[in-house]
Amino acid sequence: IERRLTDSWPAFSGCGNLVARWLVAHGVAAQVVTWVGDDDVGRRYLDRLERSGVDVRGVVITPGARTSSSHLYYTTAGAAVCFFDSGGANRDEPTDIQLEMARNADWLCLTPGPYGVNTALMDAAGPQTSVSWVVKADPTCFPKEFVQRIVMRAALVTFSRGERSFLREATGREQPLALLAAERFAVEPHGRKGVQLSPAEGEHVLPFD
C-alpha cells in the first residue's frame, strides 16, 4: 500500500499490543518493542500502552512517518486476506535500548514484525531467556530458516489451524511440532471447541466453558 484513500480508524490492535496489555492485566511486567509514526494514531497507540501499564521505552517514534496498519478482508468461507501499510515507521534493526530489553528479558515473545528486528532480538536474548512465538504465515516476517530456528528454541508456540500447513512447509516435516523439546508447548485455538495443547507426551484439548 502506497497511500490511503481515506483515514483509518485506530483499532489499537496488533499482536505486540494485545500480548503486552494482557500480560500486564494478569500481573506480569511487559515491554513492547515497536515503531510508530509521528501522527495522531501513533500517539494514541503509545498513550494506550502507557495507561495500561506497559513499559514503552522500546517504542520508537519515527518523525515524518505514518503509523503502520493492517486491513483484513474476509471471504464468505472465512479465509482472510491481509493488506499491510508499513507507513514508513518500521526499521530493520533494533535500537540499543530494544536490544538491552531482549538481553534482560525472562521471556521474549516474537510476534509478526520486521525479519531483521526479530532475528536481532533473538540473537541478543541470553540462555536464561525463554522464547515464545505467535505464528503468522508470512514468509517475509518468518522465512523458512528462521522458522526452523525458532521452533528448535521456542518454549511456547501459538498458531491457528490454518497455519499448520505453513509450519509443515517451513520445517519440511509433516509433524513440525515434534521438533519441540520436552516441557515445551504448542497452543492451537479451535474456535468455540476450545484450545488444543500439544506437549511432548501427547495432545490435549481444553474446552471453553
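Read on for an overview of the structure. Positions within a chain are numbered from 1, following the residues in the order the chain's sequence is written. Restriction of local features to residues with pLDDT of at least 70 applies here, the model being predicted, together with a cutoff of 80 or more for giving and counting side-chain atom pairs; totals for whole chains, interfaces and linings are based on all residues. Based on all heavy atoms of the structure, the side-chain values leave hydrogens and waters out of the count.

So, on to the pattern of salt bridges. The salt bridge definition used is simple: a Lys or Arg side-chain nitrogen within 4 Å of an Asp or Glu carboxyl oxygen. What the rule picks out here adds up to 8 salt bridges. A salt bridge links Asp47 to Arg51, with the nearest nitrogen and oxygen atoms 2.7 Å apart. Linking Asp47 with Arg51, this pair stays in helix α2 (residues 40-51), spanning 4 residues, or about one helical turn. Each residue is assigned to one of three classes by its accessible area relative to the maximum for its type, calculated with a 1.4 Å probe on protein chains only: buried under 20%, partly exposed between the two thresholds, exposed over 50%. The exposure class assigned to Arg51 is exposed, which follows from its relative accessible area of 61%. Its salt-bridge partner being Asp123, residue Arg149 comes within 2.6 Å of it at the nearest N-O pair. Of this pair, Arg149 sits in helix α5 (residues 144-153) while Asp123 is found in helix α4 (residues 115-124), placing the two residues 26 residues apart along the sequence. The helix and strand labels rest on DSSP assignments: H or I over at least four residues marks a helix, E over at least two residues marks a strand, and numbering proceeds from the N terminus.

So, on to α5. Taken residue by residue, α5 has Phe146, Val147, Ile150 and Val151 as its buried positions. An end-on view of α5 places all buried positions within 130 degrees of arc, on one side of the element. A contact between two residues is defined here by any heavy atoms of the two lying within 4.5 Å. Packed against the buried residues of α5 are β5 (107-110), α4, β6 (130-134) and α6 (164-171). Note: the arc covers the axis-to-C-beta directions of the helix.

Turning our eyes to something else, we now look at the pairing of strand β4 (residues 80-85). Relative to β4, strand β3 (residues 69-74) runs antiparallel, the two sharing 6 bridges. The residue bridging Tyr73 from the neighbouring strand is Val81, located in β4. Between β3 and β4, which pair antiparallel in sequence order, lie 5 residues; one of them, Gly78, sits at a positive phi of approximately 100 degrees. Any two strands with at least two DSSP-identified bridges between them are counted as paired.

Sheet topology note: the strand β1 (residues 34-37)/strand β2 (residues 59-62) ladder contains 4 bridges and is parallel. Residue pairing across strands places Thr34 opposite Val59, the latter belonging to β2. We call a crossover right-handed when, viewed with the strands running away from us, the connection from the first strand over the helix to the second turns clockwise. After leaving β1, the chain enters α2 and then returns to the sheet as β2, a path that is right-handed.

With respect to the secondary-structure elements, Gln98 resides in helix α3 (residues 96-104). You can call Gln98 buried: its relative accessible area is 0%. In this structure, the C-alpha to C-alpha distance between Gln98 and Arg57, residues 41 residues apart in sequence, is 8.0 Å. Excluding its chain neighbours within four sequence positions, the residues that come into contact with Gln98 are Val33, Thr34, Trp35, Gly58, Val60 and Leu121.

Turning our attention to the nonpolar core. Remark: nonpolar core denotes a set of buried residues (Ala, Val, Leu, Ile, Met, Phe, Trp, Tyr, Cys) joined through side-chain atoms within 4.5 Å. In this structure, Leu110, Trp133, Phe142, Val147 and Ile150 are the most contacted members of the largest nonpolar core, which totals 30 residues. Those elements that place two or more of their residues in this core are α3, β5, α4, β6, α5 and α6. The element contributing the most residues to this core is α4, with 5 residues. If you look at the next biggest cluster of nonpolar residues, it comprises 10 residues, including Val32, Val54, Val56 and Val59.

Bear in mind that shape data such as this cannot, by itself, settle questions of function.
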